[in-house]
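Architecture and fold: a report
Residue strings, one per chain:
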Amino acid sequence: MARRLWKRKLPAREEKQYKEKRKLESAVFDVKTLQLLSNFIKKKIVKSIDYPMATGKEADVFRASTETGYLAVKIYRIETSNFLKMQDYMLGDPRFSNMKKNKWDVVFAWTKKEFRNLSLFEEFGINAPRPIAFKKNVLIMDFIGEEGVPDSTLKQMGTETPEKTLESLLGFVKKLYKNSLVHADLSEYNILMHMGEPYIIDVGQAVLLNHPKAEEFLERDVRTLLKYFKNHGVTKDEGEVLKWVRDRGEVTLT
Ligand SMILES: Nc1ncnc2c1ncn2[C@@H]1O[C@H](COP(=O)(O)OP(=O)(O)OP(=O)(O)O)[C@@H](O)[C@H]1O
Ligand SMILES: [Mg+2]
């Protein structure tokens, strides 16, 4: 197809082709990503990529089918990712200390970080999607949904049992902290409600406690959760909750 020259009027058919090409270019599947997906299909990890469940600035999340059910495929965008911010969240993390500095490497390291963090969540018994595989900027994990329909976020569907949901979530925050991890972007947007239980997602930015801002992130996570639940009728004191989270013993929260 002819390259568009400045202000040159294209014949109708070419104009249509040009627009379609632009649409395709802005879609998530560039050639490299297509190759990665085709490898996952060859390896029979997934059978097909079905449809986008969410599209964002940093990543797009697709439902995929397997022989027996569904998986979620998260594809990080290289061009629009805020890789400077990503680097900030990898500070002091020995898992990524000798990382190279270009955009691609940062996004690939981030994808790996989300995979590893999901593995830690699984190890600690925290409700989150089980990690399945990753390569470069593509992460495959358990699909959180029922009969092929993805579950909604806490923000979208709320909870009928706010007290119990908050208790579970704070339990997760404490367990993570006890194992030297802080989610660092915990909010009603990153919690899916699955069969009445909260599941934590979007764990790429979770940091180890040796991150210089780990304690600040913990405070922000707790504050965000308490604010949401306060608006839904459950009030807890931030200071007390933080004290309870930081206490490495098994004290019950009242
Ligand atoms: N494992 C999953 N199962 C079902 N739906 C999912 C899953 N992971 C993500 N989703 C859907 O995709 C949406 C976006 O996911 P997520 O929060 O991980 O990405 P994001 O916010 O775009 O990430 P980023 O922080 O990179 O912008 C979620 O709100 C949810 O609707
Ligand atoms: Mg999110």
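Residues numbered from 1 in each chain as written. Chains lettered and ligands numbered in written order. Predicted model: local features only at pLDDT ≥ 70, side-chain atom pairs only at ≥ 80, totals over all residues.

1. Digging into the site of ligand 1
Contacts to ligand 1 come from 19 residues, most closely from Ala54, Gly56, Glu58, Ala72 and Asp202. Elements represented by at least two residues in the shell around ligand 1 include exactly strand 1 (48–55), strand 2 (59–65), strand 3 (70–76) and strand 5 (138–142). Here the shell around ligand 1 spans two domains, since at least three of its residues come from each of domain 1 (21–146) and domain 2 (151–246). (Near = placed C-beta within 6 Å. Helix = DSSP H or I, 4+ residues; strand = E, 2+ residues; numbered from the N terminus. Domains from an automatic or database assignment.)

2. Digging into the sheet that holds strand 3
In spatial order, the strands read 1-2-3-5-4; together these 5 strands make up an open sheet with antiparallel pairing. Looking at the sheet topology across the chains shown, the edges are occupied by strand 1 and strand 4 (131–135). Neighbour-to-neighbour, the strand axes of this sheet turn through a mean angle of 25°, independent of strand direction. Two elements, strand 1 and strand 2, share 6 bridges in a ladder whose sense is antiparallel. Following the sheet pairing, Thr55 is matched in strand 2 by Asp60. Helix 2 (residues 31–42) rests against strand 1, strand 3, strand 4 and strand 5 of the sheet, and its axis sits at about 40° to strand 5. (Pairing = 2+ DSSP bridges. Axes fitted to C-alpha atoms, helices over the stretch in contact; angles between N-to-C directions. Contact = placed C-beta atoms within 7 Å.)

3. Re the nonpolar core
Counting residues in each nonpolar core, the largest one holds 59 residues, and the members touching the most others are Leu71, Val73, Ala128, Ile140, Val173, Val182 and Ile200. Composition of this core by domain shows at least three residues from each of domain 1 (21–146) and domain 2 (151–246). Apart from the residues within four sequence positions on either side, Ala128 is in contact with Leu118, Phe121, Glu122, Tyr199, Ile200, Ile201 and Val203. (Core = buried A, V, L, I, M, F, W, Y, C linked by C-beta atoms within 7 Å. Buried ≥ 20, exposed ≤ 12 C-beta atoms within 10 Å, placed from the backbone.)

4. Focus on the environment of Glu114
With respect to the element layout, Glu114 can be found in helix 4 (residues 103–123). Looking at Glu114, the number of C-beta atoms within 10 Å reads 23, which means it is buried. In this structure, the C-alpha to C-alpha distance between Glu114 and Pro131, residues 17 residues apart in sequence, is 8.9 Å. Residues within four places of Glu114 in sequence aside, it is in contact with Leu139, Val203 and Gly204.

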